[in-house]
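# Geometric and topological summary
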Amino acid sequence: MVTRQIKFTIAADPPPRLDKALSRDVPDEAALSRTRLARMIADGAVAIDGVAATDAKARVAEGAEVVLTVDAPEESHIGPEDIPLDVVHEDDDLIVINKPAGMVVHPAPGTPSGTLVNALLHHCGDDLSGVGGVKRPGIVHRIDKDTSGLLVVAKSDVAHQGLAAQFAAHSVERYYRAVCYGVPDANDPRLRGIKGAAFEPGNILRLTTQLARHKTDRQKQAVLFQGGRHAITRVRIVEPFGSPSVAALVECWLETGRTHQIRVHLAHAGHGLIGDPVYGGRRKLPARAISTEAAEAVRAFSRQALHAAVLGFVHPVTGESVRFEADVPADMSSLINALRVQTD
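Summary of the structure given here. (Residues numbered from 1 in each chain as written. Predicted model: local features only at pLDDT ≥ 70, side-chain atom pairs only at ≥ 80, totals over all residues. Heavy atoms only, no water.)

### Looking at the pattern of salt bridges
Which entries qualify depends on this criterion: Should a side-chain nitrogen of Lys or Arg be within 4 Å of a carboxyl oxygen of Asp or Glu, the pair is scored as a salt bridge. Counting from the N terminus, the helices are the DSSP runs of H or I reaching at least four residues and the strands are the DSSP runs of E reaching at least two.
Enumeration according to the criterion identifies 16 salt bridges in this entry. K155 serves as the salt-bridge partner of E90, at 3.0 Å between the closest nitrogen and oxygen. On the criterion of sequence distance, the pair formed by E90 in strand β6 (residues 87–90) and K155 in the loop between β10 (148–154) and α4 (157–168) is long-range, its members being 65 residues apart. Taking the shortest distance from any N to any O, the salt bridge between R234 and E255 comes out at 2.7 Å. In this pair, R234 sits in strand β15 (residues 229–241) while E255 sits in the loop between β16 (247–254) and α6 (261–268), placing the two residues 21 residues apart along the sequence. When salt bridges that share partners are traced, they join E200, R206, R234 and E255 into one network.

### What about empty space enclosed by the protein?
Formally: In this analysis, the protein atoms alone were mapped onto a 1 Å grid. Cavities are point sets where a 1.4 Å probe fits without being able to get out; pockets are open sets with protein on both sides within 12 Å along at least five of seven lines; lining residues have an atom within 4 Å of a point. Grid points are joined across faces, edges and corners, and a volume is the space filled by probe spheres set on the points. Gly is put with the polar residues, along with every residue not named as nonpolar or charged; the nonpolar set is Ala, Val, Leu, Ile, Met, Phe, Trp, Tyr, Cys and Pro, and the charged set is Asp, Glu, Lys and Arg.
Taken as a whole and judged by the stated rule, the model has one cavity of 30 Å³ or more. Here the largest cavity is characterised by a volume of approximately 30 Å³. Lining the largest cavity are H141, L150, R174, Y176, A308, V310 and L311. Those elements that provide at least two residues to the lining of the largest cavity are β11 (173–181) and β17 (306–314). Looking at the lining of the largest cavity, the element that brings in the most residues is β17, giving three residues. Of the residues that constitute the lining of the largest cavity, the class distribution is five nonpolar, one polar and one charged.

### Focus: the layout of surface pockets
The gaps of empty space that remain are located by a probe, the size of a water molecule, rolled over the atoms. Estimates place the volume of the largest pocket at around 850 Å³. Lining the largest pocket are 32 residues, and of these R142, I143, D144, T259 and H260 sit closest to its centre. Among the secondary structure elements, those contributing two or more residues to the lining of the largest pocket are β11, β13 (204–213) and α6. Counted by class, the lining of the largest pocket contains 13 nonpolar, 11 polar and eight charged residues. Considering only enclosed or pocket space, the second largest pocket measures out at about 380 Å³ in volume. Lining the second largest pocket are 14 residues, with D144, Q219, T259, H260 and R263 positioned closest to its centre. For the lining of the second largest pocket, the class distribution of residues is two nonpolar, five polar and seven charged.

### Focus on the packing of helix α1 (residues 18–25) against helix α2 (residues 34–42)
Under the convention used in this document: Only the contacting stretch of a helix is used when fitting its axis, a line to C-alpha atoms as for every element, and angles between N-to-C directions run 0 to 180 degrees. Angles are sorted into four bins: roughly parallel if under 35 degrees, roughly antiparallel if over 145, roughly perpendicular if 65 to 115, and oblique for all others. Throughout, a crossing is termed right-handed when the near helix is turned clockwise from the far one, and left-handed when it is turned anticlockwise from it by less than a right angle. Here, residues are in contact when the closest pair of their heavy atoms is within 4.5 Å.
Contact pair α1 / α2: the axes reach a minimum separation of 9 Å and the direction vectors enclose 130°. Overall, the two elements α1 and α2 adopt an arrangement that is oblique. Regarding α1 and α2, the two cross each other, and that crossing is right-handed. Contact residues: α1 offers L18, D19, K20, L22 and S23, while α2 offers R34, L37 and I41. Taken together, the residues of the contact of α1 with α2 break down into four nonpolar, one polar and three charged.

### Notes on the state of the cysteines
Spelled out, the test is: Any pair of cysteine sulfurs within 2.5 Å is marked as a disulfide. Only protein chains enter the accessibility calculation, which uses a 1.4 Å probe; a residue is then buried when its area is under 20% of its type maximum, exposed when over 50%, and partly exposed in between.
Counted by the stated rule, this structure contains zero disulfides. No disulfide involves C180; its sulfur sits 7.5 Å from that of C252, the nearest cysteine. Looking at C180, the relative accessible area reads 0%, which means it is buried.

### Concerning the pairing of β16
Going by this rule: For two strands to be treated as a pair, DSSP must find at least two bridges joining them.
Most of β16 sits out of view: eight of its eight residues are buried. On β16, burial covers both faces: A247, L249, E251 and W253 on one face and A248, V250, C252 and L254 on the other are all buried. Judged from the seven bridges that link them, β11 and β16 form a sheet pairing that is antiparallel. Considered in β16, the bridge of C180 is made with A248. Bridge count between β15 and β16: eight bridges; the pairing is antiparallel. Bridge pairing links R234 to W253 in β16.

### Let's talk about the nonpolar core
For clarity, the threshold we go by: Residues belong to one nonpolar core when they are buried, are Ala, Val, Leu, Ile, Met, Phe, Trp, Tyr or Cys, and are joined through side-chain atoms within 4.5 Å.
Counting residues in hydrophobic clusters, the biggest one holds 39 residues, and the most contacted among them are L116, L120, Y176 and L205. At six residues, helix α3 (residues 116–124) tops the list of elements feeding residues into this core. With residues near it in sequence (within four places) discarded, L120 still touches L85, I95, I97, G125, P137 and V153. Listed in part, the 22 residues of the second largest apolar core include I6, L18, A21 and V66.

### A short note on α4
Note the threshold: Given a helix with a known number of residues, its expected span is that number minus one, times 1.5 Å.
End to end, α4 covers 16 Å across 12 residues, agreeing with the expected 16 Å (1.5 Å per residue, within 8%). Of all the residues in α4, the buried ones are D157, A159, H160, L163, Q166 and F167. Its buried side turned inward, α4 meets α2, β7 (94–99), β9 (138–139), β10, β11 and β17. Positive backbone phi, approximately 60°, marks H170, located one or two places after α4.

### So, unusual backbone geometry
Trans peptide bonds make up the majority, and among non-glycine residues the majority have a negative phi. Across the junction of S243 and P244, the peptide omega takes the value 0°, indicating a cis bond. Here P244 lies in the loop between β15 and β16. The backbone of D49 sits at a positive phi, close to 50°, despite the residue not being glycine. Within the fold, D49 resides in the loop between β2 (46–48) and β3 (51–52). Non-glycine residue N203 carries a positive phi angle of around 60°. With respect to the secondary-structure elements, N203 resides in the loop between β12 (197–200) and β13.

In structure tokens form, the structure reads like this:
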């Protein structure tokens, strides 16, 4: 296996632990996270003044000469596939993709190929510097197969660690566009009686619950108020549809990021997403409220009407605040336009 050596000197006032000192002083271009450096120490791949250092907690002196022996990234067991990608942004450390509905993010037993990871392995090729010592894209968050929109993926170990930390701290900006049944309005007394629902200034619905895997259907998430994981979703009406209003285009943003969070939260509030086969249900909207064209568009829409429209974060290498936007795809745009058509 091809290896490379990285040589540098410990700067003044080093941290008291070797792993922290290495993380501070290792050249940025090495693209090695503290986690990766700790693993290298344990593997005997770090030498201090010519002597192997295997204790991450050991002290290291200012001026010490460090040599890191870095193995070339191992090839991933996942195969590259030539699948077209809508690349919104790409640099040496990360790539932002506008994922189409119908594409799974990561291979799994039911979907071993045709995934975003397969496509990224082909697209990035040798540009992947390795995540955790393996030549693979670093998946730090996911959106459901039938949800479209923006995803950021790490191409380097440092970017992976930095992005993962931001997602864990819930500091990433994520806005979604969705089309739901009904209109989540503060004037609806029913909503005020739903546990976990409250309204904030500006007619913003705030849903606060716990979420956990459903007890009997392992493919679903369930709302709880004890146990599970804390979840907060905010919802703002963008445009109501129908006369009287029976559906709405809404903007949702996440304070947390749990599996199926928007879908299960809106269903809990009685505003399931149009087309959602798991949580939305198939509702027949009142014929007098919408046009025949709109009714047919709702009936025919075969996926959850959910799109990850905005993604903002601090670039984990440059420190720059970045923000990306993606318009709703054609199928959602057609649904929205049909719902705008006046009643017959």
